[in-house]
Amino acid sequence: VDGTREYFFEDIVHGMGVHGRNLTRGSPADRMLHVGIPWIGGVSGSVVDFYFAARNLGYSGKDLADLILVDIACLVAGGQHSLGELLFGAVSADIYGGPAMQFDHDGKNNFSYYASEPWKQLLETMNMPEPEFSRASQLLASQGTPLPALFDAALQEFIRRAGPAGFKRGRDRKSSMQASLLEMPRMPTLTTCIAKPGVDRFKLAVYSAGGPARAFDFWSRVSLSGWHTGLVATELISGIQQALVQQDVIDGEAAFDDIAGDSGFVTRASLTAF
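These numbers come from a predicted model, not from an experiment. (Residues numbered from 1 in each chain as written. Predicted model: local features only at pLDDT ≥ 70, side-chain atom pairs only at ≥ 80, totals over all residues. Heavy atoms only, no water.)

(A) Spotlight on the packing of aromatic side chains. For the structure on display, the rule yields 8 aromatic pairs. Seen in terms of ring centroids, F88 and W119 are 5.4 Å apart; in terms of plane orientation they differ by 90°. Their pairing is edge-to-face. A residue pair is termed long-range when its members are at least 10 positions apart, and F88 in helix α4 (residues 83-96) and W119 in helix α5 (residues 117-126) qualify at 31 residues. Exposure remark for F88: the relative accessible area of 5% places this residue in the buried category. Taken together, a centroid distance of 6.1 Å and an interplanar angle of 80° make the contact between W119 and F151 edge-to-face. Of this pair, W119 sits in helix α5 while F151 is found in helix α7 (residues 147-162), placing the two residues 32 residues apart along the sequence. Just as W119 is buried, F151 falls in that class too. Through pairs of rings, three or more aromatic residues link up here, namely F103, F111, Y113, Y114 and F158. The ring of F133 carries the charged tip of R31 above its face, separated from the ring centre by 3.9 Å. (Phe/Tyr/Trp six-rings, centres within 6.5 Å; stacked < 30°, edge-to-face > 60°. Helix = DSSP H or I, 4+ residues; strand = E, 2+ residues; numbered from the N terminus. Buried < 20%, exposed > 50% of the residue type's maximum accessible area, 1.4 Å probe, protein only. Lys NZ or Arg CZ within 6 Å of the ring centre and 35° of its normal.)

Printed below as a string of structure tokens:
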């Protein structure tokens, strides 16, 4: 694992522009949040580049598919990407790159580790424009397969196809999280806070800040410097207000752009029509 770290001589910023880690509606990070894919560097372009390079060097079929597996394993081990981010790249390469990674397996022609039906459905849904994505995700949920369940099914299918014979996946992430919650010491005060209205907005602020540890470190230095001596509720909320309202501003601008349409102006008529 250590050999995969600090490989580049300068910092490489993953996912530049809209592919950076932000929660703008319809951005890759926002979509991954809906699906439950851990966000590290965004959908991997590295694995696609590796695919093209290996294919151009003459690798094909199982040899090429296995090389991609090795590349995925190295990038996961080095912490550059989560498995879901890498598989999105590999599945895209498999679907749109032709049959280069397909091979005969157990009497099946055109077998592939990557482009299974669950992955094809998930990829198609994730690439939809925002209104279509919302409708498709709601439809899937009404049919008993919400997006996180579809991702889990796709992941299970990949493991079944690419994993060693007889390999079984361990406890899934949802079960692990539920078990961890049960193992936590009982904290009635915290439980009461979690049940309050608006907690989702607070969770969003924590997510936007980069997770609990980074959020606490930043807030304690910048806006909650008095936390160790105690803060009243108004000080706490005012200290993190910017993080709480940031997404509302982004969503509001997007909504009013939709209302304005081609004219660029919001009128009483356009607001009523919307």
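(B) Representation of the pattern of salt bridges within the structure. A full pass over the atoms with the stated rule returns 5 salt bridges. One salt bridge in this structure joins K62 and D66, with 2.8 Å as the shortest N-O distance. You can see K62 and its partner D66 sitting in helix α3 (residues 61-77), 4 residues apart, about one turn around the helix. Given a relative accessible area of 25%, D66 falls into the partly exposed group. Of the charged contacts in the structure, one is a salt bridge between E117 and K120, with a shortest N-O distance of 3.5 Å. Taken together, the residues span about one helical turn, with E117 and K120 both in helix α5 at a distance of 3 residues. A network of salt bridges, in which partner residues are shared, links E157, R160 and R161. (Salt bridge = Lys/Arg side-chain N within 4 Å of Asp/Glu carboxyl O.)

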